[in-house]
Amino acid sequence: MKLCGFLLLPLIIMLAMGCSEHEQVTGPEVQTIDYIVKAKTGSNLTKLAYKVARTTQTYKVIDSKVGSIEANKILEIELNRSILKYQSQWNQNLADAHSEYLSDEEINSLYYNGKNSPYFEKLVELQSKIGVTMQEKSKDLLTKIVSEAMQGAFKQLPPD
């Protein structure tokens, strides 16, 4: 009997640990913007703005005048300056887009439990819809960010 109890003890411990692993954490109610900031969902702005900026005619002119390495340095500095100015607005647009598809309860669960939230799969399934909504909400903002950065970058060019 002692051997059976000895073998069951590790099994009981593993089951208990497995159950507690998915125990849902809660806390004070948060806003969707809090979740966006915590999850760093808006961190894609830099990559997206850089991608768009490199397709502009202004970037091609800068590149032709100073070369790719210097053009990229100038672009990075100016994009960072512009993004710093508008990141909070980008994050708010993301929060608004998420709020169209997820309830406050779901957002709070995602905030406190991340991938362990029972709503995480729903979030993954909704990504394309949220993305379309975000694109609608932020197309003009992205254009503004890139335009400001490109204007600043152009001013960095040495005179002809």
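Please refer to the structure placed before this passage.
Residues numbered from 1 in each chain as written. Predicted model: local features only at pLDDT ≥ 70, side-chain atom pairs only at ≥ 80, totals over all residues. Heavy atoms only, no water.

Undergrad: Can you break down the side chain of Asn 93 residue by residue, with the values?
TA: For Asn 93, the position within the fold is in helix 5 (residues 68-99). Taking relative accessible area as the criterion, Asn 93 reaches 13% and is therefore assigned buried. With residues up to four places along the chain from it excluded, the contact list for Asn 93 reads Met 134, Lys 137, Ser 138 and Leu 141. (Helix = DSSP H or I, 4+ residues; strand = E, 2+ residues; numbered from the N terminus. Buried < 20%, exposed > 50% of the residue type's maximum accessible area, 1.4 Å probe, protein only. Contact = heavy atoms within 4.5 Å.)

Undergrad: Just give me the short version of helix 3 (residues 44-53), but keep the residues and values in it.
TA: Every buried residue of helix 3 is listed here: Leu 45, Ala 49 and Ala 53. Seen along its axis, helix 3 keeps its buried residues to an arc of 60°; they face one direction. Opposite the buried face of helix 3, by more than 90 degrees, sit the exposed residues Lys 47 and Lys 51. On its buried face, helix 3 sits against helix 4 (57-66), helix 5 and helix 7 (120-155). (Arc of directions from axis to C-beta.)

Undergrad: Describe the packing of helix 3 against helix 7, listing the residues and the values that go with them.
TA: Packed helix pairs are characterised by how far apart their axes lie and by the angle those axes make with each other. Relative to each other, helix 3 and helix 7 sit at 65°, their axes nearing to 10 Å. For the element pair helix 3 and helix 7, the recorded crossing hand is right-handed. Contacts between helix 3 and helix 7 involve Leu 45, Leu 48, Ala 49, Val 52 and Ala 53 on the former and, on the latter, Leu 142, Ile 145, Val 146 and Met 150. Residues that form the contact of helix 3 with helix 7 fall into these classes: 9 nonpolar, no polar and no charged. (Axes fitted to C-alpha atoms, helices over the stretch in contact; angles between N-to-C directions. Left-handed = near helix turned anticlockwise from the far one by under 90°. Nonpolar A, V, L, I, M, F, W, Y, C, P; charged D, E, K, R; others polar.)

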